[in-house]
Amino acid sequence: MDVYFDNNATTRVLPEVVEAMLPFYTDRYGNPSSIHRFGSSVGEKIAEARAQVAALIGAADPIEVIFTSCGTESDNAAIRGMLEARPDKRHIVTTKVEHSAILGLCQHLEKKGYRVTWLNVDQEGALDLTELEAALTQDTAIASIMWANNETGVIFPIEKIGALARAKGVPLHVDAVQAAGKIPIQIKNLPVDLLTISGHKFHGPKGVGALYVRRGITFPPFMIGGHQEKNRRAGTENVASIIGMGRAAEVAYGRLPADAAAMAQLRDDLQKLLLESCPESRVNGAEQPRLPNTLNISFRHLEGESILVLLDQQGICASTGSACTAGSSEPSHVLRAMSVPVDWLQGAVRFSLSRFSSEAEVDYVNRMLPPIVQRLRGFSKTGQIADPSKSSRGVPASGRRARG
Ligand code: PLP
């Protein structure tokens, strides 16, 4: 049996999305900026996609949606845009648990002389809002805080965060890449100024994203050149992918409550079964509101990478909560920020489900995983992380990273 439980990394493209995209690779190849009908009719389809994306995030006006090449570009454009719009301000507020798209950029900006406040989270992955409030100053150009964490699924209280930022006059950017399509978003009713989403996380194509910029916010563009996207993002549009993202947004919007409920049920079943069948396991972020599809579970004294390799041999795709560089596994920055005890830090596995996930798949994972955990525990000495690469019978760490 093949089980794909790595949907926070990327999702399967829906057949109806592919169908919507295909004409734009074949007979409808016009440039949407052209004056003639052959091109401008493509422009009309982009306008349709913009409205579909606007509906998914509850934007007041589709004009607030700018298409980009991915979530990472949207994150970069949001932060760099606000820094350029407020050049006298040299301070950024973000969290220690952001995706590398924000983390890497803010580390880079720190080296360039900006001051960054990295907000802590507690052991359950929750932010301290008083710490946030204290961090926002006259000098803060932007606060960038994710909606939902890609590793644990923990959801931050965006409405409260936005209210604090508004009260201090600081623009708020929200990375909603993992939230869009999984939980309802009504951005028009929230004190949020910019919002990032990405097509491939909700059954659209890869390499296309969107940035919501609230009407009235001054937004200097990140990509400079032509007049596309009303001068807010230059470059000939990735037409087929934009159309595909629009169609995926439409489907996700229509199915959201039912899909979210079904995923949450399966995820909860998986969580309960694994906690029962695998001794010394714990769920990271369990006490916080979480995305309906995400389960991050640690197995004490084990290496998540080794579990993944053995799961892969059984046809199960999952991910660790850790990133690896050059074969040496680094504990996840998210779990470290949550002060996950050292015994549990390396043994995290993330299962992320989708609307295609089934009870049969959950049962299959629950049958396959306990013997894997038992086998690896045989290699591990109490108090130590199992390191099968040092055992002749072991399974070498794969060196693969957590994605998404
Ligand atoms: N932000 C979060 C929270 C993510 O999970 C991801 C994707 O992995 C990104 C940003 C980057 O999105 P993209 O893969 O479209 O660049």
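Residues numbered from 1 in each chain as written. Predicted model: local features only at pLDDT ≥ 70, side-chain atom pairs only at ≥ 80, totals over all residues. Heavy atoms only, no water.

What follows covers the overall build of the chain. Scanning the chain from N- to C-terminus turns up twelve helices and 15 strands. With respect to the three principal axes, the spread of C-alpha positions in the chain is 70 × 50 × 35 Å. Within the chain, the fraction of its 404 residues that count as buried is 59%. Once local pairs closer than 6 in sequence are excluded, the contacts in the chain between residues at least 24 apart make up 74%. About 16400 Å² of surface is accessible on the chain, with carbon and sulfur atoms providing 52% of the total. In the chain, 44 side chains carry a positive charge and 43 a negative one; their mean positions are 3 Å apart. (Helix = DSSP H or I, 4+ residues; strand = E, 2+ residues; numbered from the N terminus. Buried < 20%, exposed > 50% of the residue type's maximum accessible area, 1.4 Å probe, protein only. Contact = heavy atoms within 4.5 Å. Areas by Shrake-Rupley, 256 points an atom, 1.4 Å probe, with all protein chains shown as cover. Lys, Arg positive; Asp, Glu negative; His and termini not counted. Charge placed at Lys NZ, Arg CZ, Asp CG, Glu CD.)

Attention shifts here to the layout of surface pockets. Where empty space is left can be seen by rolling a probe of water-molecule size over the atoms. The calculated volume of the second largest pocket comes to roughly 260 Å³. In this structure, the second largest pocket is lined by 14 residues; those nearest its centre are Ile46, Arg50, Ile63, Glu229 and Lys230. Counting residues per element, the lining of the second largest pocket draws most heavily on helix α2 (residues 37–57), at four residues. By residue class, the composition of the lining of the second largest pocket is five nonpolar, four polar and five charged. (1 Å grid on protein atoms, 1.4 Å probe; cavity = no way out; pocket = protein on both sides within 12 Å on 5 of 7 lines; lining within 4 Å. Points joined across faces, edges and corners; volume = space filled by probe spheres on them. Nonpolar A, V, L, I, M, F, W, Y, C, P; charged D, E, K, R; others polar.)

Turning next to the side chain of arginine 214. Along the polypeptide, arginine 214 turns up in the loop between β8 (209–213) and α7 (228–231). Buried charge without a partner: arginine 214 forms no salt bridge, and the closest opposite charge is aspartate 193, 4.2 Å away. Polar side-chain contacts of arginine 214 include one of 2.9 Å to the backbone oxygen of isoleucine 187. (Salt bridge = Lys/Arg side-chain N within 4 Å of Asp/Glu carboxyl O. Polar contact = N/O pair within 3.5 Å; in protein donor to acceptor, adjacent residues only side chain to side chain.)

This part is about the sheet that holds strand β15 (residues 348–352). Read from one edge to the other, the open sheet built from four strands follows the order β9-β10-β15-β12, with strand pairing classed as antiparallel. Taken across any chain shown, the strands that pair with only one partner, and hence form the sheet edges, are β9 (281–283) and β12 (319–320). Against the sheet, helix α9 (residues 304–313) makes contact with β10 (294–299), β12 and β15, and its axis sits at roughly 45° relative to β15, the strand it touches most. (Pairing = 2+ DSSP bridges. Axes fitted to C-alpha atoms, helices over the stretch in contact; angles between N-to-C directions.)

Turning to the sheet that holds β8, a few remarks are in order. Taken in spatial order, the seven strands make up an open sheet running β2-β8-β7-β6-β5-β3-β4, and their pairing is mixed. With partners counted over all chains shown, the strands left at the sheet margins are β2 (65–68) and β4 (115–119), one partner each. Adjacent strand axes in the sheet meet at a mean angle of 20° when their direction is disregarded. Note: strand β5 (residues 140–146) against strand β6 (residues 172–175), four bridges, orientation parallel. Residue pairing across strands places serine 144 opposite histidine 173, the latter belonging to β6. Contacts between α2 and the sheet are confined to β2, β7 (194–198) and β8, with β2 contributing the most and set at about 110° to the helix. Relative to β4, helix α4 (residues 100–111) is tilted by about 145°, and along the sheet it contacts β3 (91–95), β4, β5 and β6.

In the vicinity of the ligand lie 14 residues, with Thr72, Asp175, Ser198, Lys201 and Gly404 positioned nearest. In this structure, an oxygen atom belonging to the ligand sits 2.8 Å away from a main-chain N or O atom of glycine 71. For the ligand, an oxygen atom lies 2.6 Å from a polar atom in the side chain of threonine 72. Relative to its unbound accessible area of 390 Å², the ligand is 91% covered by the protein chains. Per element, the largest residue contribution to the shell around the ligand is three residues, and it comes from helix α3 (residues 71–85). Taken together, the residues of the shell around the ligand sort by class into three nonpolar, eight polar and three charged. (Near = heavy atom within 4 Å.)

What follows covers empty space enclosed by the protein. Per the stated rule, a full pass over the model turns up two cavities of 30 Å³ or more. Its boundaries defined by the atoms lining it, the largest cavity holds a volume of some 130 Å³. Taken together, 15 residues make up the lining of the largest cavity; nearest its centre are Gly181, Lys182, Lys201, His203 and Met263. Here the residues of the lining of the largest cavity are counted per class, giving five nonpolar, six polar and four charged. A volume near 40 Å³ is recorded for the second largest cavity. In terms of lining, the second largest cavity is formed by Ile66, Thr68, Glu73, Ala77, Leu211, Phe219, Phe222, Met223, Arg232 and Arg233.

A word on unusual backbone geometry. One non-glycine residue, glutamate 280, lies in the positive phi region at around 55°. In this structure, glutamate 280 sits in the loop between α8 (239–277) and β9. Classification of glutamate 280 by relative accessible area gives partly exposed; the value is 37%. One non-glycine residue, histidine 301, lies in positive phi territory at about 70°. Position of histidine 301 relative to the elements: it lies in the loop between β10 and α9. The class for histidine 301 is buried, based on a relative accessible area of 8%.

The values are spatial; any link to function lies outside them.
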